[in-house]
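# Topology and contacts: notes
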Amino acid sequence: EKGEYRHFMEKEIHEQPDSVQHTLSEYLDLVTAKAKPAVVDFAAIERIQIIACGTAFYAGQIGKYAFEKYAGLPCDVEIASEFRYRDPALSQGTLAVAVSQSGETADTLAGLSWCKAQGLKTAAVVNVHTSSMAREAEILWPTHAGPEIGVASTKAFTAQVAALLSLAIAAGVARGKIDEAREAELVKALFEAPRLISEALRMDAPIRNLVQDLAKARDVLFLGRGPMYPLAMEGALKLKEISYIHAEGYAAGELKHGPIALIDEYTPTIALAPMDDLFEKTSSNLQEVAARGGPVIMIAPESAPDPHGAGIRRVHAPDAHPIAAPLVYAVPMQLVSYYTAVQKGTDVDQPRNLAKSVTVE
Ligand code: F6R
């Protein structure tokens, strides 16, 4: 039941400190500050191929960045409906990983079965632990989001990200890419995420002040670099799904290769800009947008310097370690779409034309 909340989506957004905590605890041990031993020998794997659809695909892309950065393990991510029909060339050292909330999405399941038939090792990161994918894959990597009722995925997404980031640490340890001190740092940083997510939930007040303007927009751009790039695409998907506003997520560095042509005073840009090595670059992209008259909303920590240029509104997010940032920044991006949809009066939990589980292709 929804309890004190207006919509299941709102309730599920607020459940994320718990669902992330539970999922992290499946893979990491806070007491020893170590990754739990993984069922798979990551040192013996040459490459990971993630297969997923929609929101799970974006979680997979965040996973890719982590597997490559923290474990030096090459990782590809592909939309399942393309993967299953294009005769992909995979080496026998590949671990195929399906990522899915329901574990029933037809294209993802077919991609997983195809990999299994090729003799590849298979794993499934799924939220429904009795699902078809859970049974089909050799290895079950559960997420612990609990039942997700809202059609637009929120807590299942952050649980997928939490699982993949944790597995990337385990892979880094197994492959000798991470020493004990670094392992402890990363594990502790991820266990900070539930508290930081709770803090991020308090961004609802400043975000509500923005939605009057956002609800009037026809198009919205989301920008980010590094893991904030897939998160920007997820933000755009969420806004499209529940508010029916056209939105695109772009890598901030791609802006000048095309999308900057869209910028005018009616097209808001929302930037996810945590304080990391890429902050300055994202900040200068925002100056470019503002200089062309585009309204900019910059989601960044309070400590981050102000980009020069008029028209940049700031929403303060908690400071987070880079490994935890995708979990923390997921929250403001969910709140933006939720409150925009509420402002527009759309059916948040049952958006038009969408089904929770896509079991036909
Ligand atoms: C978006 C959304 C969908 C699903 C996609 C995959 O909010 O919910 O894009 O993520 O249909 O579903 P699962 O994860 O069940 O395979």
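Residues numbered from 1 in each chain as written. Predicted model: local features only at pLDDT ≥ 70, side-chain atom pairs only at ≥ 80, totals over all residues. Heavy atoms only, no water.

Per an unreviewed UniProt entry, the chain is named Glutamine--fructose-6-phosphate aminotransferase [isomerizing], and its organism is Brevundimonas terrae. Listed in UniProt under the heading Subcellular location (unreviewed entry), the comment for the chain reads: "Cytoplasm". Its UniProt record, at the heading Catalytic activity (unreviewed entry), says of the chain: "D-fructose 6-phosphate + L-glutamine = D-glucosamine 6-phosphate + L-glutamate". (UniProt positions renumbered as here; feature names shortened; annotations may be inferred.)

### What to know about helix α13 (residues 325-344)
Given 3.6 residues per turn, any residue in an α-helix points the same way as the ones three and four places further on. Given a rise of 1.5 Å per residue, 20 residues ought to cover 28 Å, and the 29 Å separating the end C-alpha atoms of α13 matches this to within 8%. The buried fraction of α13 is high, at 18 of 20 residues. In the segment just after α13, Gly345 is the residue with positive phi, at about 80 degrees. (Helix = DSSP H or I, 4+ residues; strand = E, 2+ residues; numbered from the N terminus. Expected span 1.5 Å × (residues − 1). Buried < 20%, exposed > 50% of the residue type's maximum accessible area, 1.4 Å probe, protein only.)

### Brief notes about the site of the ligand
As a structural note, the neighbourhood of the ligand is formed by 13 residues, with Ser100, Gln101, Ser102, Thr105 and Glu241 the closest of them. Within the side chain of Ser100, a nitrogen or oxygen atom sits 2.6 Å from an oxygen atom of the ligand. Residue Thr105 places a side-chain N or O atom 2.5 Å away from an oxygen atom belonging to the ligand. Across the complex, the protein chains shield 90% of the 400 Å² of accessible surface that the ligand would expose by itself. Counting residues per element, the ones that place at least two in the shell around the ligand are α3 (54-71) and α11 (228-243). (Near = heavy atom within 4 Å. Polar contact = N/O pair within 3.5 Å; in protein donor to acceptor, adjacent residues only side chain to side chain. Areas by Shrake-Rupley, 256 points an atom, 1.4 Å probe, with all protein chains shown as cover.)

### Here's the deal with the nonpolar core
If you look at the biggest cluster of nonpolar residues, it comprises 95 residues, and the most contacted ones within it are Phe42, Ile48, Phe67 and Trp141. It is α13 that contributes the most residues to this core, 13 residues altogether. Contacts of Ile48, omitting those with residues within four sequence positions, involve Phe42, Phe67, Leu73, Pro74, Cys75, Asp76, Thr94, Leu95 and Val97. Counting residues in each nonpolar core, the second largest holds 17 residues, with Ile260, Met298, Ala304 and Ile312 among its members. (Core = buried A, V, L, I, M, F, W, Y, C linked by side-chain atoms within 4.5 Å. Contact = heavy atoms within 4.5 Å.)

### Quick word on the side chain of Thr23
Considering the arrangement of structural elements, one finds Thr23 in helix α2 (residues 16-27). According to the relative accessible area criterion, Thr23 is buried, its value standing at 0%. At 2.9 Å, the side chain of Thr23 and the backbone nitrogen of His144 are in polar contact. Filtering out sequence-adjacent residues up to four positions away, Thr23 remains in contact with Pro142, Thr143, His144, Ala145, Ala159, Ala162 and Ala163.

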